[in-house]
Amino acid sequence: MIHVIALITAQPGQRDKVLAAFNANVPAVLAEDGCIEYGATVDAKDMPASRNSVGPDTFVVVEKWASLADLQAHAVSPHMKAYGASVKDMVASRVIHVLEPVVA
């Protein structure tokens, strides 16, 4: 299994628009072969802001994929290319961590 943690930072004030485009794309991603989990998260509402908060312009995408090949196919899928093109001017940065479980 492959885990992905992606930190997406929108241009100031653009997070809601980027999230709307992201959420519109979620059903297509969840239908992909090997997609186990795919969703956006933000800072918890009742937690006080700290230096570890992601802040008002950032969201974190949590993903699980059955295999690295499934993730690689996802990255070049037509709907992901369309999503990327639709938000490119609203996104300031992306940091993507591709991880695998530690086998004991």
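Residues numbered from 1 in each chain as written. Predicted model: local features only at pLDDT ≥ 70, side-chain atom pairs only at ≥ 80, totals over all residues. Heavy atoms only, no water.

Peer 1: Before we go on, may I ask you to explain the pattern of salt bridges in this structure?
Peer 2: Opposite charge on two side chains permits pairing when their charged atoms draw close. Taken as a whole and judged by the stated rule, the model has two salt bridges. Of the charged contacts, one joins K64 and E37 as a salt bridge, the two residues approaching to 3.9 Å between their closest N and O atoms. Remark: E37 occurs in strand β2 (residues 35-41) and K64 occurs in strand β3 (residues 58-65); sequence separation between them is 27 residues. Residue class for E37 comes out partly exposed when judged on its relative accessible area of 33%. Residue K88 is joined to D89 by a salt bridge in which the shortest nitrogen-to-oxygen separation is 3.9 Å. For K88, a relative accessible area of 53% translates into the label exposed. (Salt bridge = Lys/Arg side-chain N within 4 Å of Asp/Glu carboxyl O. Helix = DSSP H or I, 4+ residues; strand = E, 2+ residues; numbered from the N terminus. Buried < 20%, exposed > 50% of the residue type's maximum accessible area, 1.4 Å probe, protein only.)

Peer 1: Explanation requested: the pairing of strand β1 (residues 2-10) in the structure shown.
Peer 2: Side-chain positions along a regular strand alternate between the two faces of the sheet. Burial along β1 is one-sided: I2, V4, A6, I8 and A10 are buried, while H3, I5, L7 and T9, pointing the other way, are not. When β1 meets β3, the two strands line up antiparallel, connected through eight bridges. Its bridge partner being in β3, T9 is matched across the sheet by T58. In terms of strand pairing, β1 meets strand β4 (residues 91-99) through eight bridges, oriented antiparallel. Note on β4: the bridge partner recorded for T9 is S93. (Pairing = 2+ DSSP bridges.)

Peer 1: Is there a simple way to think about helix α2 (residues 68-75) in this case?
Peer 2: An α-helix turns once every 3.6 residues. As a result, residues three or four positions apart point the same way. By the burial criterion, the buried members of α2 are D70, L71 and H74. Viewed along the axis of α2, the buried residues span an arc of 100 degrees, placing them on a single side of the element. Among the exposed residues of α2, those pointing more than 90 degrees away from its buried face are A69 and A75. (Arc of directions from axis to C-beta.)

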